[in-house]
Amino acid sequence: MSTRKCLLMFQDNPIIVAVRNPKDIYDAIHSKSQIIFLLTGNVYNLKKMVELCTKSGKHVFTHLDLIKGYSQDNYFIKYLKDEIKPTGIITTKNNIITRTKQEGLMTVQRLFLLDSSAMDISITSAKKIKPDAIEILPGLVPKLITAVKKELDIPIVTGGFIETEEEVRSCLAAGALSASTSHKPLWDKIELIREEQRLLQNE
């Protein structure tokens, strides 16, 4: 069920706002995208940032590998769900994906495809762990997206150095549902890209 929700959510938001600096959170919540990837946070500000996002009607995913001041144990995952209440999490770690799924949060597994060996290991891992979606980095290599899509029946997001509309279109054409970017000029291009995708689907 969560995978289906992820698919629909990402499909309707071809551009995802990636926040690397807490000061950008206000620009993020006023963007047209309904999904925010929080790639920053610590014990003092994480809850406030997530609350700002959810009160603005956004779906927010916290990158657990990048949060400072928390121990990534079972108690934290439960605390995250009950007290911080994001839509879901992002991580590279299999054990965190498994534990977070048990708590009912959506999961996005970030895969760094630096060479063919890394790609094989990542695909095998994703098949076993079954995250609700995967994020491929680097996102600017369409043939990697296409290759992974052939192997996995899991929604695909791409990220990393995506700064132009054409780069977003290239990722989507290769099989990704969304592209995450911290490049602010792209954040409000989502309606344009969304309409283009709808026209393509209706051809």
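What you see is a predicted model, and the numbers here were worked out from it, not measured in a lab. (Residues numbered from 1 in each chain as written. Predicted model: local features only at pLDDT ≥ 70, side-chain atom pairs only at ≥ 80, totals over all residues. Heavy atoms only, no water.)

Asks: I would appreciate a short explanation of the packing of helix α7 (residues 142-151) against helix α8 (residues 165-174) in the present structure.
Replies: Where α7 meets α8, the axes come as close as 8 Å, and the angle between the chain directions of the two elements is 25 degrees. Between α7 and α8, the angle is such that the two are roughly parallel. α8 is crossed by α7, and the crossing has right-handed handedness. Along the contact surface, α7 presents Pro 142, Ile 145, Thr 146 and Lys 149, while α8 presents Ser 170, Cys 171 and Ala 174. In terms of residue class, the contact of α7 with α8 is built from four nonpolar, two polar and one charged. (Axes fitted to C-alpha atoms, helices over the stretch in contact; angles between N-to-C directions. Helix = DSSP H or I, 4+ residues; strand = E, 2+ residues; numbered from the N terminus. Parallel < 35°, antiparallel > 145°, perpendicular 65-115°, else oblique. Left-handed = near helix turned anticlockwise from the far one by under 90°. Contact = heavy atoms within 4.5 Å. Nonpolar A, V, L, I, M, F, W, Y, C, P; charged D, E, K, R; others polar.)

Asks: Quick question: what am I supposed to make of the environment of Val 168 here?
Replies: Tracing the sequence through the fold places Val 168 in helix α8. Apart from the residues within four sequence positions on either side, Val 168 is in contact with Pro 14, Ile 15, Ile 162, Ala 179, Leu 186 and Ile 193.

Asks: For this particular structure, what's the right way to read helix α5 (residues 94-102)?
Replies: Residues that lie three or four places apart on an α-helix share one face, since the helix turns once every 3.6 residues. Within α5, burial applies to Ile 96, Ile 97, Arg 99 and Thr 100. Where the residues of α5 are buried, they touch α4 (74-84), β4 (88-91), β5 (106-112) and α6 (116-129). Gly 104 sits one or two residues past α5 and shows a positive phi near 90 degrees. (Buried < 20%, exposed > 50% of the residue type's maximum accessible area, 1.4 Å probe, protein only.)

Asks: What is the right way to read the packing of α8 against helix α10 (residues 190-201) from this model?
Replies: Helix packing geometry: the angle between the two helix axes and the distance between the axes. As a packed pair, α8 and α10 sit with axes 11 Å apart at the nearest point and diverge in direction by 35 degrees. Considering only the axes of α8 and α10, their crossing is right-handed. Between α8 and α10, the contacting residues are Glu 165, Val 168, Arg 169 and Leu 172 on the first element and Leu 192, Ile 193, Glu 196 and Gln 197 on the second.

Asks: Would you take a moment to explain α10 for this structure?
Replies: In this model α10 runs 16 Å from its N-terminal to its C-terminal C-alpha over 12 residues, within 8% of the 16 Å that 1.5 Å per residue would give. Buried positions along α10 lie against β1 (15-19), α8 and α9 (184-187). (Expected span 1.5 Å × (residues − 1).)

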